[in-house]
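For reference, the chains in residue letters:
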Amino acid sequence: MGKRRTHRLSLATVTALLVTALLGGGIAPASPRDGTVSDKTPRDGSPRTGTPKDGTPESRTTGPGAPGGIPRLTDDRGRALTLRGWNVEDKTHHGPDALSAITERHFADLRAHGFNFARLLIFWDDLEPRRGQYSEAYLRKIRRILDWARAHRVHVVIDAHQDVFGPAFGHRGIPAWATRTDGLPFTSHPGDWFAEYFEPAVQRAFTHLYEDADLRRAQARMWRLLADRFGGHPAVLGYDLINEPMGELRQGEDLATAARRIEATQLTPMYRRLAAAIRAEDRTNWLFVEPTPIVGEGVPTGLGRVADERVVYAPHFYNTAMEAGADYDPAAGWIEAYEKAVTAYPRAQSVPVVVGEWGPLNSGLPNMRRFHDDALASFTRYSSGWAAYVWCYGGGYCALDREGRLRTNKERTVTPYAPAVAGTVRSDTYAPDTGTYRLAYRSTPLPGATVVSLPPSPTGWRITVAGRTAGAGAEHVPAGRARQVTVWAFGGAEVRVTVRPDGPTVCR
């Protein structure tokens, strides 16, 4: 999301925006046995995922219970991947000090808790501070971060992040030289920065980004450079083409209608342009495309098809009331409404889903334990994974305190899961009350390695495997560090894996 130093969008702001719009206000490295992707193949035009080099169609596995059979993200062996991780960022420093707040500790600690995924925020204004002049120092810093990720076996999606467009409005993202406002006004909103997206100057800047030919070319060149420099890096899984894109509302247009129009007529062509630019340099990695943040209000996206075999739908998962400081209300049905809205596009387009951001500002409220469990169960029903917000050390949205301990209810995200499944997933469930994880899948015809990730546990873990030809690399995992266990099976066997806390079962 944006700066996340203040509330994202107050209830009063949402109400005012909707009413105004409705009234016509004109708001103008890794080893495959680890469950991570192997080193990239040479860039000879053959994809690492999707259709194999020989042209044989890939068999796509589907998520358990996914409406209409939403496909799963896959690796170069065709195994179904699950990503579990966090956003990693430095929004404080820029210029010579850019990215300095990100250290190797971030990735070591991610892996130590069993996570395998990071969404790395980068900023175009730091990459290209002056038109046509790219910062080699910034590119070197990105590579250093990717090297840390590889060393700790963490997949990375490079996210071209923007908050309220960019530095022309006091934030980060699109460079000032690429910001055109036609002289429209801008008023800052301290304490309610998301409202700044509805300032006329900001909205007009998005219109120019989408429609001006020279800005289109500049954005495509930026992505082509990133794909050229990092497309072959073993840690890179994909590219998130723009964070939480917004646009310009028309006279008399309500917010939901505007969002769908922007997605259909401006975001879809932009994603197609950027996909073509990236594919000129990188044929192997996944392209992550986002709707507008209005999806969080339960509005299905208007995005059209991006004709590429490796597209991931990457919505964000934020609730207006909770972002304004309210506790989770299980009876309100927000998660159910969101899930219904967010699954329409991937079901129609047959693309995987990875939730790119989620997490409340105040995770210590009375119902937040329930919120984390309900959210995680929802993600498992339709997605290939998620990146929570944000892996840092301190207060606010940070996952950890300054000593590196998980903050209240953030530990709910630390569960067993299967980073890679060699077969078709039948079911994938975790019971937080008993700490029991269950995976059922039909194995591939040839022998294949499924990987089960087990987080640190004070009791250790007990693993049982059932199924013809099936076996596990271990039956017990001792207390202490995070571990991974390999499960082998072949011949289309129906495999059932159960992981329980070792010793007496207790409520968690």
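That block above? That's the structure.
The structure displayed is predicted, hence computed values, not measured ones.

Trainee: Which parts of the structure should I look at to understand the overall build of the protein chain?
Mentor: Secondary structure summary: the protein chain contains 11 helices and 19 strands in total. Taken across its 508 residues, the protein chain has 59% of its residues classed as buried. Approximately 18,400 Å² of the protein chain is accessible, and the part contributed by carbon and sulfur atoms is 53%.

Trainee: Explain the packing of helix H4 (residues 136–151) against helix H6 (residues 213–230) here, please?
Mentor: Angle between the axes and distance between the axes are the two parameters that describe a pair of packed helices. Following both chains from N to C, one finds H4 and H6 inclined at 45°, their axes separated by 11 Å at the closest point. Classified by the angle between their axes, H4 and H6 sit oblique to one another. H4 and H6 meet at a crossing whose hand is right-handed. Counted together, Glu 136, Leu 139, Ile 142, Arg 143 and Leu 146 of H4 and Leu 225, Leu 226, Arg 229 and Phe 230 of H6 form the full contact between these two elements. A class-by-class count of the residues in the contact of H4 with H6 yields six nonpolar, no polar and three charged.

Trainee: How should the state of the cysteines be read in this particular structure?
Mentor: Should the sulfur atoms of two cysteines be covalently bonded, the bond is a disulfide. Under the criterion given, the structure shown has one disulfide. Each sulfur in the disulfide pair Cys 392 and Cys 398 lies 1.9 Å from the other. Disulfide Cys 392-Cys 398: torsion about the S-S bond near -105°, hence left-handed. An identical accessibility class is assigned to Cys 392 and Cys 398; each is buried.

Trainee: Looking at this structure, how should I read H4?
Mentor: End to end, H4 covers 23 Å across 16 residues, agreeing with the expected 22 Å (1.5 Å per residue, within 8%). Here H4 has its buried residues at Tyr 138, Leu 139, Lys 141, Ile 142, Ile 145, Leu 146, Trp 148 and Ala 149. Where the residues of H4 are buried, they touch helix H2 (104–112), strand E3 (117–122), helix H3 (124–127), strand E4 (155–160), H6 and strand E5 (236–240). Looking at the residues trailing H4, positive phi occurs at Arg 153, about 60°.

Trainee: Quick question: what am I supposed to make of the packing of helix H5 (residues 200–211) against H6 here?
Mentor: Where H5 contacts H6, the axes come no closer than 6 Å and their chain directions differ by 75°. Between H5 and H6, the angle falls in the class roughly perpendicular. When H5 is examined against H6, the residues His 208, Leu 209, Tyr 210 and Glu 211 are found in contact with a partner set consisting of Ala 213, Leu 215, Arg 216 and Gln 219.

Trainee: So what exactly am I meant to see when it comes to the pattern of salt bridges here?
Mentor: Pairing is possible between side chains of opposite charge, provided their charged atoms come close. Within the structure shown, the criterion is met by 28 salt bridges. Asp 182 is the partner of Arg 204 in a salt bridge, and the nearest nitrogen-oxygen pair spans 2.9 Å. Of the two residues, Arg 204 is situated in helix H5 and Asp 182 in the loop between E4 and H5; the sequence distance between them amounts to 22 residues. Exposure remark for Arg 204: the relative accessible area of 22% places this residue in the partly exposed category. A salt bridge links Glu 339 to Arg 381; its shortest N-O distance comes to 2.9 Å. Pair noted here: Glu 339 is in helix H9 (residues 334–342) and Arg 381 is in helix H11 (residues 368–382), with a separation of 42 residues, a long-range link. Residues joined in a network through salt bridges with shared partners are Arg 119, Asp 159, Asp 240, Glu 290 and Glu 357.

Trainee: Would you explain H6 in this entry?
Mentor: One full turn of an α-helix is made of 3.6 residues, so residues set three or four places apart face in the same direction. With 18 residues, H6 extends 26 Å between its outermost C-alpha atoms, agreeing within 8% with the 26 Å of an ideal straight helix rising 1.5 Å per residue. If you check which residues of H6 are buried, you get Leu 215, Ala 218, Gln 219, Ala 220, Met 222, Trp 223, Leu 225, Leu 226, Ala 227 and Phe 230.

Trainee: Explain the sheet that holds strand E6 (residues 286–289) here, please?
Mentor: Within a beta sheet, neighbouring strands are joined by backbone hydrogen bonds and run either parallel or antiparallel to one another. Strand order across the open sheet formed by seven strands is E7-E6-E5-E4-E3-E2-E10, with parallel pairing between neighbours. What marks the edges here is a single partner per strand, and that holds for strand E7 (311–313) and strand E10 (385–388). Strand after strand, the sheet turns through a mean of 25° between neighbouring axes, direction not considered. In this sheet, E3 lies alongside strand E2 (residues 83–88) in parallel orientation, the contact comprising four bridges. Within E3, the position partnered with Asn 87 by the bridge is Arg 119. Its contacts with the sheet put H6 on E3, E4 and E5, and the angle it makes with E5 is roughly 175°.

Trainee: What should I look at first to understand the sheet that holds strand E11 (residues 417–421) in this one?
Mentor: With antiparallel pairing, five strands are arranged side by side in an open sheet as E1-E11-E14-E18-E16. Lying at the two open borders of the sheet, with one neighbouring strand each, are strand E1 (80–81) and strand E16 (471–472). Relative to strand E14 (residues 448–454), E11 runs antiparallel, the two sharing two bridges. Within E14, the position partnered with Tyr 417 by the bridge is Ser 453.

Trainee: How do you make sense of the environment of Asp 374 when you look at a structure like this?
Mentor: One can find Asp 374 in helix H11. Taking the C-alpha atoms as reference points, Asp 374 and Pro 330, separated by 44 residues in sequence, lie 8.6 Å from one another. Within the local environment of Asp 374, its side chain forms a polar contact with the side chain of Tyr 328, the two groups lying 2.8 Å apart.

Trainee: Could you clarify how one ought to interpret the pairing of E3 in this entry?
Mentor: Each regular strand carries side chains that alternate between the two faces of the sheet. Within E3, six of the six residues are buried, which leaves it mostly tucked inside the rest of the structure. Here E3 shows a buried face lined by Phe 117, Arg 119 and Leu 121 and a second buried face lined by Ala 118, Leu 120 and Ile 122. With H2 bridging E2 and its parallel neighbour E3, the resulting β-α-β unit is right-handed.

Trainee: Explain the environment of His 155 to me, please; I cannot follow it from the model alone.
Mentor: Relative to the helices and strands, His 155 is located in strand E4. Separated by 79 residues in the primary sequence, His 155 and Pro 234 have C-alpha atoms spaced 8.4 Å apart.

Trainee: Would you mind going over the nonpolar core with me for this structure?
Mentor: For soluble globular proteins, nonpolar side chains are generally found buried alongside one another. Counting 104 residues, the largest nonpolar core has Phe 107, Trp 223, Phe 317, Trp 358 and Phe 371 as its most contacted members. Ranked by residue count, the leading element in this core is helix H7 (residues 255–279), at 12 residues. The residues contacting Trp 358, other than those within four sequence positions of it, are Phe 317, Tyr 318, Phe 371, His 372, Ala 375, Leu 376, Phe 379, Trp 386, Ala 387, Ala 388, Tyr 389 and Thr 413. Of all hydrophobic cores here, the second largest spans 19 residues; its members include Tyr 437, Tyr 441, Val 477 and Ala 489.

What counts as what
- Residues numbered from 1 in each chain as written.
- Predicted model: local features only at pLDDT ≥ 70, side-chain atom pairs only at ≥ 80, totals over all residues.
- Heavy atoms only, no water.
- Helix = DSSP H or I, 4+ residues; strand = E, 2+ residues; numbered from the N terminus.
- Buried < 20%, exposed > 50% of the residue type's maximum accessible area, 1.4 Å probe, protein only.
- Areas by Shrake-Rupley, 256 points an atom, 1.4 Å probe, with all protein chains shown as cover.
- Axes fitted to C-alpha atoms, helices over the stretch in contact; angles between N-to-C directions.
- Parallel < 35°, antiparallel > 145°, perpendicular 65-115°, else oblique.
- Left-handed = near helix turned anticlockwise from the far one by under 90°.
- Contact = heavy atoms within 4.5 Å.
- Nonpolar A, V, L, I, M, F, W, Y, C, P; charged D, E, K, R; others polar.
- Disulfide = S-S within 2.5 Å.
- Expected span 1.5 Å × (residues − 1).
- Salt bridge = Lys/Arg side-chain N within 4 Å of Asp/Glu carboxyl O.
- Pairing = 2+ DSSP bridges.
- Polar contact = N/O pair within 3.5 Å; in protein donor to acceptor, adjacent residues only side chain to side chain.
- Right-handed = clockwise from strand over helix to strand, strands pointing away.
- Core = buried A, V, L, I, M, F, W, Y, C linked by side-chain atoms within 4.5 Å.

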